[in-house]
Amino acid sequence: MNKSIFLKSCMQRNYILFGVALILLSTPALAMGFKSLMKDMKATHQHAKDLVTGEYSAQAAMVVLKAYSDETTQAIGQMSTSAEGQDMKKRFTAMLVVLSKAQSGGQLDKSSFTTVAIQVGSQCISCHDVYN
Ligand code: HEC
């Protein structure tokens, strides 16, 4: 290996190490994951609103409740052990309780689903008031 190739490969390795260090030192990987999860939740919430304000289908409502639950479960898994993380975890867990209850009795009529969607919506807002 001639000297210039050797130097180049060393520099490349340093770039890689620098990149790895950056990822390890900051937590954007986790933050990005949570942000995109919030975007998914927003889309799910829009589906819920569409069912409430437009044509209702009990089957579609169950799909929405399942999506909310999956996203909420993922959010709980992403919470840190900090006081803030633990408080947010408690809030997401409360949301999951509402969602699980709503799914436990089988299909919902429009008015029951509306009540659940409003309850979940207020849980989004209440957390955003504090943390977002
Ligand atoms: C327990 C707390 C909590 C709950 C519950 C919660 N969020 Fe969030 N949400 C946050 C935090 C914290 C942020 C800021 C994230 C960031 O900027 O890194 C956020 C950000 C967002 C964003 C902006 C994402 C972006 O691209 O910047 C949207 C949209 C969102 N949430 C939608 C929702 C919806 C819809 C619900 C309810 C179905 C919900 N959230 C429930 C804590 C919560």
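Residues numbered from 1 in each chain as written. Predicted model: local features only at pLDDT ≥ 70, side-chain atom pairs only at ≥ 80, totals over all residues.

This paragraph deals with the site of the ligand. Taken together, 19 residues surround the ligand, and among them Met38, Lys42, Arg91, Cys124 and Cys127 come closest. Within the residue set of the shell around the ligand, elements represented by two or more residues are helix H2 (28-53), helix H4 (83-104) and helix H5 (110-131). With eight residues, H2 is the single largest residue contributor to the shell around the ligand. (Near = placed C-beta within 6 Å. Helix = DSSP H or I, 4+ residues; strand = E, 2+ residues; numbered from the N terminus.)

Further remarks concern helix H3 (residues 58-78). Helical geometry note: an α-helix holds 3.6 residues per turn, so side chains three or four residues apart project in the same direction. Spanning 21 residues, H3 covers 30 Å between terminal C-alpha atoms, matching the ideal 30 Å at 1.5 Å per step. Where H3 is concerned, the buried positions are Ala61, Val64, Leu65, Tyr68, Glu71, Thr72 and Ala75. Angularly, the buried residues of H3 cover 135° about the axis, an arc narrow enough to put them on a single face. In H3, the exposed positions angled more than 90 degrees off the buried face are occupied by Gln59 and Gly77. (Expected span 1.5 Å × (residues − 1). Buried ≥ 20, exposed ≤ 12 C-beta atoms within 10 Å, placed from the backbone. Arc of directions from axis to C-beta.)

Glancing now at the nonpolar core. Among the nonpolar cores identified, the biggest contains 16 residues, and Val64 and Leu65 are the most heavily contacted of them. Of all the secondary-structure elements, those providing two or more residues to this core are H2, H3, H4 and H5. Among all residues touching Leu65, those that are not within four sequence positions of it are Leu99, Ala102 and Gln103. (Core = buried A, V, L, I, M, F, W, Y, C linked by C-beta atoms within 7 Å. Contact = placed C-beta atoms within 7 Å.)

The predicted model of the chain has a mean per-residue pLDDT of 87, with 76% of residues at 70 or higher. Ranking the helices and strands of the chain by mean pLDDT puts H5 first, with 98, and helix H1 (residues 3-25) last, with 57. Counting contacts from residues 21-29, a segment whose pLDDT is below 50, to residues more than four positions away or on other chains yields one contact. (pLDDT = per-residue confidence, 0-100.)

Turning our attention to the packing of H3 against H4. As a packed pair, H3 and H4 sit with axes 9 Å apart at the nearest point and diverge in direction by 155°. Comparing their axes, H4 and H3 come out roughly antiparallel. The two elements H3 and H4 cross, and the hand of that crossing is left-handed. Facing Met62, Leu65, Tyr68, Ser69, Thr72, Thr73, Ala75 and Ile76 of H3, the residues of H4 in contact are Lys89, Phe92, Thr93, Met95, Leu96, Leu99, Ser100, Ala102 and Gln103. Each residue belonging to the contact of H3 with H4 can be placed in one class, and the counts come to ten nonpolar, six polar and one charged. (Axes fitted to C-alpha atoms, helices over the stretch in contact; angles between N-to-C directions. Parallel < 35°, antiparallel > 145°, perpendicular 65-115°, else oblique. Left-handed = near helix turned anticlockwise from the far one by under 90°. Nonpolar A, V, L, I, M, F, W, Y, C, P; charged D, E, K, R; others polar.)

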